Amino acid sequence: MCAIECIYDIEIRKQYSKDKSSCKAVIPKGVFFPKTTLEVSEIVKKSLNDNFNISIWGAGSGVNGGAIPQDSEEFVISLQKMDKVEILEHDFIGRAQCGVNTLYFQQKCEEKGLFFPPDPASADISSIGGNLACSAGGMRGYKYGTFRDYVIKITFVDGKGNIITTGCETFKWVTGYDFVRLLTGSEGTLGIITEASFKLIPGNIVKTSIYINFESMDILVAGFLKLMKNSIIPSNAEFMDSYTLNVIKEYLPCEHKNNGCVLLLEIDSYSYENLENDLKKFKKLAQGWDYIISDNEEVSHNLWKGRKRLRTELEKVKPNVFSEDFVLLYSKIPDFIRFTEEICNKNNIFFCNFGHIIDGNIHFSSVYENDEEKRHIEKIIYKISEYVISNGGTISGEHGIGKYKRELMIKEIGQKNVDIMQSVKKVFDPHNILNKGKIF
Ligand SMILES: Cc1cc2nc3c(=O)[nH]c(=O)nc-3n(C[C@H](O)[C@H](O)[C@H](O)COP(=O)(O)OP(=O)(O)OC[C@H]3O[C@@H](n4cnc5c(N)ncnc54)[C@H](O)[C@@H]3O)c2cc1C
């Protein structure tokens with residue numbers, strides 16, 4: 001008999017009924033809080049024995065409904081009490097249990113003079129396990145890579161309760177199939193990830209921020225590409241269109257001119273000399289541009305303030321937020337922006353576009369108050385998704401599929417791919433008890 005803490009209190013269960021997506025809340029039957037991998041395995045074995053399904057919870061910051069139970073007969077397994085971190089500073093390795101908060105992990109690496117680059121904008125509210133399960137990206141993806149590029153070994157529990165460790169704490173590893181990367185991004189459908197090891201890189205990076213106003217998205221994209229082609233590779237490059245800027249206008253460092261948009265850059269380097277050289281180069285390339293370069297941390301903080309507050313400010317416009325996750329090639333971005341503007345204005349929908357331009361990752365967003373508005377926006381998002389797919393893009397660069405984008409996934413990758421994925425699922429979780437109804 002499994003003696004692991006399971007909470008049945010309704011107020012606690014409600015906290016595990018809803019993530020940050022637009023998907024409907026579902027209150028689970030109970031919530032387990034294991035502290036070890038062995039306990040996770042015991043819960044899975046109990047679920048097989050007692051015939052219940054498990055929905056996996058990292059920190060609930062997901063925006064696709066992946067952590068929401070499928071029905072009220074399911075139990076949630078929360079990894080939040082698995083929160084140990086270990087940094088092997090001389091080997092450039094970080095180990096984390098999966099309930100560890102991502103920002104906390106980044107800070108622990110920093111304390112040892114090391115750098116863990118993956119940096120989802122939700123680092124302060126998400127977990128290492130959730131980030132691995134979604135293969136979270138974020139702002140530094142292009143220059144430094146995402147979660148998938150840093151994880152080298154994981155321990156997980158499959159749908160039969162087996163504890164499996166895969167990968168190796170070395171910087172190269174090709175001994176057999178790469179299940180580390182298969183589990184990363186599998187959204188909890190193949191196993192419950194409990195522990196992981198990551199490659200770290202040297203810290204002590206110096207950086208500065210640049211805030212650039214452009215007159216239109218066409219000019220912004222051209223300006224950004226001019227920098228890239230001249231080898232200025234920002235560690236962060238975010239864009240915000242004029243609709244986004246209106247939402248956060250009280251947090252902007254300068255006046256927002258009508259229809260203008262902003263490119264926000266972070267430039268970094270291992271030496272001040274190189275950073276200075278990049279800035280000199282930037283100033284030459286940016287002649288005639290309207291920009292602010294930060295010369296200290298406080299100014300940088302102010303330049304990024306609006307971008308960081310965006311989700312909170314959107315929730316003030318209307319309480320529920322759609323946050324899409326499209327990715328397109330650079331050359332397709334201006335037309336995408338025009339398309340969304342036309343379709344949303346024609347259908348009288350509030351929207352804005354912002355995101356990680358350096359990856360072509362656009363967070364088209366909208367807000368709603370009631371079910372009628374929600375359904376109306378969903379129809380438009382479906383059309384926008386079709387537009388993205390027909391232009392060679394993807395419906396998800398970092399948020400994943402969850403419950404929310406199942407139908408669209410088939411549209412993008414086709415039934416043959418889905419069939420193979422379902423066969424793989426059967427190998428890892430033959431009784432379909434882990435995150436049932438997610439992805440498929
Ligand atoms: C303001 C805001 C900004 C965001 N910015 C970004 C961003 O820049 N980049 C980005 O990639 N995402 C971003 N997101 C989305 C979200 O934070 C990520 O998807 C994140 O990876 C979810 O982590 P979590 O710990 O909250 O997981 P949850 O939301 O709890 O779960 C997400 C999925 O992972 C599964 N899961 C969780 N833990 C495990 C585990 N240990 N083993 C197996 N499966 C598990 C869940 O079942 C679910 O399917 C943002 C969200 C918000 C609200």
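The rules behind each value
- Residues numbered from 1 in each chain as written.
- Predicted model: local features only at pLDDT ≥ 70, side-chain atom pairs only at ≥ 80, totals over all residues.
- Helix = DSSP H or I, 4+ residues; strand = E, 2+ residues; numbered from the N terminus.
- Rg over C-alpha atoms; globule rule 2.2 N^0.38 Å.
- Buried ≥ 20, exposed ≤ 12 C-beta atoms within 10 Å, placed from the backbone.
- Contact = placed C-beta atoms within 7 Å.
- Axes fitted to C-alpha atoms, helices over the stretch in contact; angles between N-to-C directions.
- Parallel < 35°, antiparallel > 145°, perpendicular 65-115°, else oblique.
- Left-handed = near helix turned anticlockwise from the far one by under 90°.
- Near = placed C-beta within 6 Å.
- Expected span 1.5 Å × (residues − 1).
- Bend = angle between axes of the 7 residues up to and from the residue.
- Domains from an automatic or database assignment.
- Nonpolar A, V, L, I, M, F, W, Y, C, P; charged D, E, K, R; others polar.
- Pairing = 2+ DSSP bridges.

Visitor: Describe the overall build of the protein chain, with residues and values.
Guide: Summing up its helical and strand segments, the protein chain has 15 helices and 20 strands in all. Taking 2.2 N^0.38 as the reference for a compact globule, 440 residues should give roughly 22 Å; the C-alpha atoms of the protein chain span a radius of gyration of 22 Å, in line with that estimate. In terms of principal-axis extent, the alpha carbons of the protein chain reach across some 70 × 55 × 40 Å. The proportion of buried residues among the 440 residues of the protein chain is 46%. Sequence separation of 24 or more characterises 72% of the internal contacts of the protein chain that already satisfy a separation of 6 or more.

Visitor: Go over the packing of helix α12 (residues 333–346) against helix α13 (residues 371–390), please, and point to the residues and values.
Guide: In the contact formed by α12 and α13, the axes pass within 11 Å of each other and the chain directions differ by 155°. With respect to α13, the element α12 is oriented roughly antiparallel. Considering the relative orientation of α12 and α13, their crossing is right-handed. Contacts from F339, T340, I343 and C344 in α12 reach I380, K383, I384 and Y387 in α13.

Visitor: Report on the environment of F351, specifying residues and quantitative values.
Guide: Examined against the element boundaries, F351 turns out to sit in the loop between α12 and β18 (354–356). Residues F351 and T244, spaced 107 residues apart in sequence, show a C-alpha to C-alpha distance of 8.2 Å. Beyond its immediate stretch of four places on either side in the chain, F351 contacts Y243, T340, C344, F364, S365 and S366.

Visitor: Account for the site of the ligand, with residues named and values stated.
Guide: By nearness alone, 37 residues border the ligand, and G58, G62, G66, G129 and G130 come closest of all. For the shell around the ligand, the secondary-structure elements that each account for two or more residues are β3 (54–57), α4 (128–134) and β10 (192–199). In terms of residue count, the dominant contributor to the shell around the ligand is α4 (5 residues).

Visitor: So what's going on with helix α11 (residues 297–317)? Which residues, and what values?
Guide: With 21 residues, α11 should reach 30 Å at 1.5 Å per residue; the first-to-last C-alpha distance of 30 Å fits that figure. In the structure, α11 departs most strongly from a straight axis at L310, where the bend amounts to approximately 55°. By the burial criterion, the buried members of α11 are L303, W304, G306, R307, L310 and L314.

Visitor: Talk me through unusual backbone geometry; I want residue IDs and the actual numbers.
Guide: With a phi angle near 55°, E187 is a residue other than glycine that sits in the positive phi range. Note that E187 resides in the loop between α7 (179–183) and β10. Taking the C-beta count within 10 Å as the criterion, E187 has 23 such neighbours and is therefore assigned buried. We note that I439 has phi near 70°; this positive angle belongs to a residue other than glycine. With respect to the helices and strands, I439 occurs in the segment after α15 (415–428). Taking the C-beta count within 10 Å as the criterion, I439 has 22 such neighbours and is therefore assigned buried.

Visitor: Just give me the short version of the domain arrangement of the protein chain, but keep the residues and values in it.
Guide: We note that the domain assignment places domain 1 (6–78), domain 2 (85–202) and domain 3 (206–390) within the protein chain. Between the C-alpha centres of domain 1 and domain 2 the distance comes to 22 Å. The residue inventory of the side of domain 1 that touches domain 2, partitioned by class, reads 6 nonpolar, 6 polar and 1 charged.

Visitor: Residues and numbers for the sheet that holds strand β15 (residues 290–293), please.
Guide: Sheet architecture is open: 7 strands sit in the order β15-β12-β14-β13-β18-β19-β17, paired in antiparallel fashion. Every interior strand has two partners, whereas the edge strands, β15 and β17 (326–327), have only one. By the bridge criterion, 4 bridges tie strand β12 (residues 206–214) to β15 in an arrangement that is antiparallel. Along β15, the bridge assignment pairs I210 with I293. Along the sheet face, α11 touches β12, β13 (236–240), β14 (261–269), β15 and β18 and points at about 65° away from the line of β12.

Visitor: I'd like a rundown of the sheet that holds strand β2 (residues 30–32), residues and numbers included.
Guide: Taken in spatial order, the 4 strands make up an open sheet running β1-β2-β4-β3, and their pairing is mixed. One side of each edge strand has no neighbouring strand; the edge strands of this open sheet are β1 (6–7) and β3. Bridge count for β2 against strand β4 (residues 75–78) is 3 bridges, and the pairing is parallel. Within β4, the position partnered with V31 by the bridge is V76.

Visitor: I'd love a proper account of the pairing of β12, names of residues and values included.
Guide: The sheet contact formed by β12 and β14 spans 9 bridges and is antiparallel. Across the sheet, the residue bridging to I212 is L263, located in β14.

Visitor: Could you give an account of helix α2 (residues 37–50), naming the residues involved and the relevant values?
Guide: One full turn of an α-helix is made of 3.6 residues, so residues set three or four places apart face in the same direction. Here α2 spans 20 Å end to end across 14 residues, near enough to the 20 Å set by a 1.5 Å rise per residue. When α2 is considered as a whole, its buried residues turn out to be T37, E39, V40, S41, I43, V44 and S47. Among the structural elements, β2, β3, β4, β8 (151–157), β9 (163–167) and β10 are those in contact with the buried residues of α2. In the stretch just after α2, N51 is the one whose phi turns positive, near 65°.

Visitor: Explain the packing of helix α8 (residues 217–229) against α12 to me, using residue names and the numbers behind them.
Guide: When two helices pack together, you describe them by how their axes are tilted relative to each other and by the distance separating the axes. For the pair α8 and α12, the least separation of the axes is 9 Å and the interaxial angle reads 160°. What the angle tells us is that α8 and α12 run roughly antiparallel. Here the hand of the crossing between α8 and α12 comes out right-handed. Residues M217, D218 and V221 of α8 form the contact with α12, whose own contacting residues are I333, P334 and I337. Each residue belonging to the contact of α8 with α12 can be placed in one class, and the counts come to 5 nonpolar, no polar and 1 charged.

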